[in-house]
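Next come the chains, spelled out residue by residue.
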Amino acid sequence: MRPTLIRRAYGLGSDGHHGVQQFRQRVPYKNFKSQYGPQDESAKIKAGHYDISYFRRIAPMVTAFGASAGIFALFFFDGIPRVQKDILQKIPVIGDFFVHEVPAEDNPF
């Protein structure tokens, strides 16, 4: 094959008028995929660059961390009367622990 034919076959020739080069579009080809490699498919639903399997994998850890942080916050603020009255006294097992009744002889009013 002549060198000019090779250039034209791969889109390197100048078919245009007065030196304007019209390059060919690349020919699409299918990527090689080995039959011995992993048979992965891309996820259909993505949130950012995370997919659904990532969220399923970290869900138990996030749930445990959130529950422990909530319980810590409740007991950290257990000295505040509003938290005791509105939240902690309504817990079935330990609610009576947070009821503070002042005897009549200790009440100055």
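Each remark here, short or long, concerns the structure printed above.
A quick note: this is a predicted structure, and the numbers were derived from the prediction, not measured.

1. Considering the overall build of the protein chain
Looking only at helices and strands, the protein chain features three helices and two strands. By the burial criterion, 6% of the 109 residues in the protein chain qualify as buried. Residue pairs in contact within the protein chain that sit at least 24 positions apart in sequence constitute 0% of those at least 6 positions apart.

2. Section: the packing of aromatic side chains
Within this structure, the stated rule accounts for five aromatic pairs. Here Phe75 and Phe98 contribute two aromatic rings whose centre-to-centre distance is 6.4 Å and whose plane-to-plane angle is 40°, an arrangement assigned as tilted. Here the residue Phe75 occupies a position in helix H2 (residues 52–76), and Phe98 occupies one in the segment after helix H3 (81–86), the gap between them amounting to 23 residues. Residue classification places Phe98 among the buried positions, given a relative accessible area of 3%. Taken together, the ring pairs in this structure connect Phe72, Phe76 and Phe77 into an aromatic cluster.

Conventions used here
Residues numbered from 1 in each chain as written. Predicted model: local features only at pLDDT ≥ 70, side-chain atom pairs only at ≥ 80, totals over all residues. Heavy atoms only, no water. Helix = DSSP H or I, 4+ residues; strand = E, 2+ residues; numbered from the N terminus. Buried < 20%, exposed > 50% of the residue type's maximum accessible area, 1.4 Å probe, protein only. Contact = heavy atoms within 4.5 Å. Phe/Tyr/Trp six-rings, centres within 6.5 Å; stacked < 30°, edge-to-face > 60°.

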